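Listed below, chain by chain, are the residues.
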Amino acid sequence: MSLPKVSIIGAGNVGATAAHILLNHDLADIVMIDVVAGVAEGKALDMMHMRGNEGFHAKVSGSTDYALTENSDIVVVTAGVPRRPGMTREDLLNVNANIVKSVLDEALPRSPEAIYIFVTNPLDVMVNYAFSLAGVPKERLFGMGGVLDTARFVHAVCERLDCQPSEVDALVIGAHGEAMLPLPRLATVNGTTLTELMGAENIDAVVADTINGGAAIVELLQTGSAFYAPGSSIASMVAELLFPTGKTVSVSARLSGEYGLYDIHLGVPVRLGKGGVEEIIELDLSDQELASLAAAADSIKAQLSEL
Ligand code: APR
């Protein structure tokens, strides 16, 4: 049986973790590409050795050579330099923009029909930059940020209310970074809104835990940034693209008037499907929330103009 093909560019912590989780889901054959000789190939061989224990049918291979990525259904770009302690996502701007460009030069001609998911930080700037270079329809090029931020939001709610993730319905939209916009007003636990279940102080704490989640891990690890939850967020987006359930997910998608914004990728709720972003969902946001999105869009545009 032939499985869909997912190529992951950058076989570092995030890319290899996404590959590992996807393999265990047994949904797609995986190709990993890394600029460092032996890294993608070695990790792929190590993961193939798991087959005897896990029994999956999917295959994973790795190389420095993009020839392996030919005719991918999905290309996930995690290549980049991760954040170090004290470094903001914005510090990474120029280094990672050059990496994103070089990845597109290699991957696009080989998989012109693929769906492209960008993960490299600073996420929203990178995905907008990639879109400006790629000439790919907007439905097929977007960024992973909101799924991870939402996962952190759900975790923070579960910690405070001692509930299960399956009971929580929540979303984080906006930029993937300190300017993200968790939406406690629209979040529910078993159908009851968070604002009915928690006082303002607890809600502020949940929002702060969500926003600071990535930085907290950078401070603890000292030598890198988060990768388990980012890898899991990539895997869940890939699963939704290949086998859509119709659930709402937050991704950095191209806006054409939604939320009053034009010609910019920013984190918004969407429905994913086989064609990529199949629908952008317009929530009923307050003026303050809309202003926060507009400010994030302005900040992204200002950073883009520096590239
Ligand atoms: N082509 C392919 N791979 C590259 C390139 C390139 N031009 N440049 C760097 N890489 C590879 C590195 O060799 C490394 O293996 O990308 C990988 C990045 O992995 P890590 O350093 O482990 O970083 P990781 O934690 O995986 O983060 C990757 O995702 O969340 C974001 O901010 C994070 O931008 C960073 C990216």
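Now for a description of the structure that goes with this document.

Thresholds, definitions, all that
- Residues numbered from 1 in each chain as written.
- Predicted model: local features only at pLDDT ≥ 70, side-chain atom pairs only at ≥ 80, totals over all residues.
- Heavy atoms only, no water.
- Helix = DSSP H or I, 4+ residues; strand = E, 2+ residues; numbered from the N terminus.
- Buried < 20%, exposed > 50% of the residue type's maximum accessible area, 1.4 Å probe, protein only.
- Contact = heavy atoms within 4.5 Å.
- Areas by Shrake-Rupley, 256 points an atom, 1.4 Å probe, with all protein chains shown as cover.
- Lys, Arg positive; Asp, Glu negative; His and termini not counted.
- Charge placed at Lys NZ, Arg CZ, Asp CG, Glu CD.
- Near = heavy atom within 4 Å.
- Polar contact = N/O pair within 3.5 Å; in protein donor to acceptor, adjacent residues only side chain to side chain.
- 1 Å grid on protein atoms, 1.4 Å probe; cavity = no way out; pocket = protein on both sides within 12 Å on 5 of 7 lines; lining within 4 Å.
- Sits in = over half its atoms within 2 Å of the grid points.
- Core = buried A, V, L, I, M, F, W, Y, C linked by side-chain atoms within 4.5 Å.
- Pairing = 2+ DSSP bridges.

In terms of helices and strands, the protein chain carries 10 helices and 14 strands. The C-alpha extent of the protein chain, read off along each of the three principal axes, is 50 × 45 × 40 Å. Burial analysis of the protein chain (307 residues in total) assigns 52% to the buried set. Here the analysis covers contacts within the protein chain between residues at least 6 apart in sequence; of these, 68% occur between residues at least 24 apart. Carbon and sulfur atoms provide 51% of the accessible area of the protein chain, an area that totals close to 13500 Å². A gap of 6 Å separates the mean positions of the 19 positive and 38 negative side-chain charges of the protein chain.

It is worth spelling out the site of the ligand at this point. Around the ligand, 19 residues are found, and the nearest of them are Asn13, Val14, Asp34, Thr78 and Asn121. Within the contact set of the ligand, an oxygen atom lies 2.8 Å away from a backbone nitrogen or oxygen of Val14. One of the side-chain N or O atoms of Asp34 is found 2.6 Å from an oxygen atom in the ligand. Burial of the ligand by the protein chains amounts to 84% of its free accessible area of 720 Å². In this structure, the ligand is accommodated by the largest pocket. At the level of elements, helix H1 (13-25) and helix H4 (93-110) are the ones that each hand at least two residues to the shell around the ligand. A per-element tally of the shell around the ligand places H4 first, with three residues.

When a protein is soluble and globular, its nonpolar side chains tend to lie buried together. One finds Met32 and Ile117 to be the most contacted residues of the largest nonpolar core, which totals 87 residues. Apart from residues no more than four positions distant in its own chain, Ile117 is found in contact with Ile74, Val75, Val76, Val77, Phe142, Met144, Met237, Val238 and Leu241. Core analysis: the second largest hydrophobic core is formed by 17 residues, Val168, Val172, Ala187 and Ile203 among them.

Moving on, we get to the environment of Met32. Along the chain, Met32 turns up in strand S2 (residues 29-33). Distance in space between the C-alpha atoms of Met32 and Glu279 is 29 Å, their sequence separation being 247 residues. Every residue in contact with Met32, bar those within four places of it in the chain, is listed here: Ile8, Ala11, Ala16, Ala19, Ala40, Lys43, Ala44, Met47, Val60, Ser61, Gly62 and Ser63.

The next thing to look at is the sheet that holds strand S11 (residues 192-193). Reading across from one edge, S7-S10-S11 is the order of the three strands in this open sheet, with antiparallel pairing throughout. The outermost strands of the open sheet, each flanked by one partner alone, are strand S7 (168-169) and S11. Pairing analysis gives two bridges linking strand S10 (residues 188-189) to S11, with the strands arranged antiparallel. Following the sheet pairing, Val189 is matched in S11 by Thr192.

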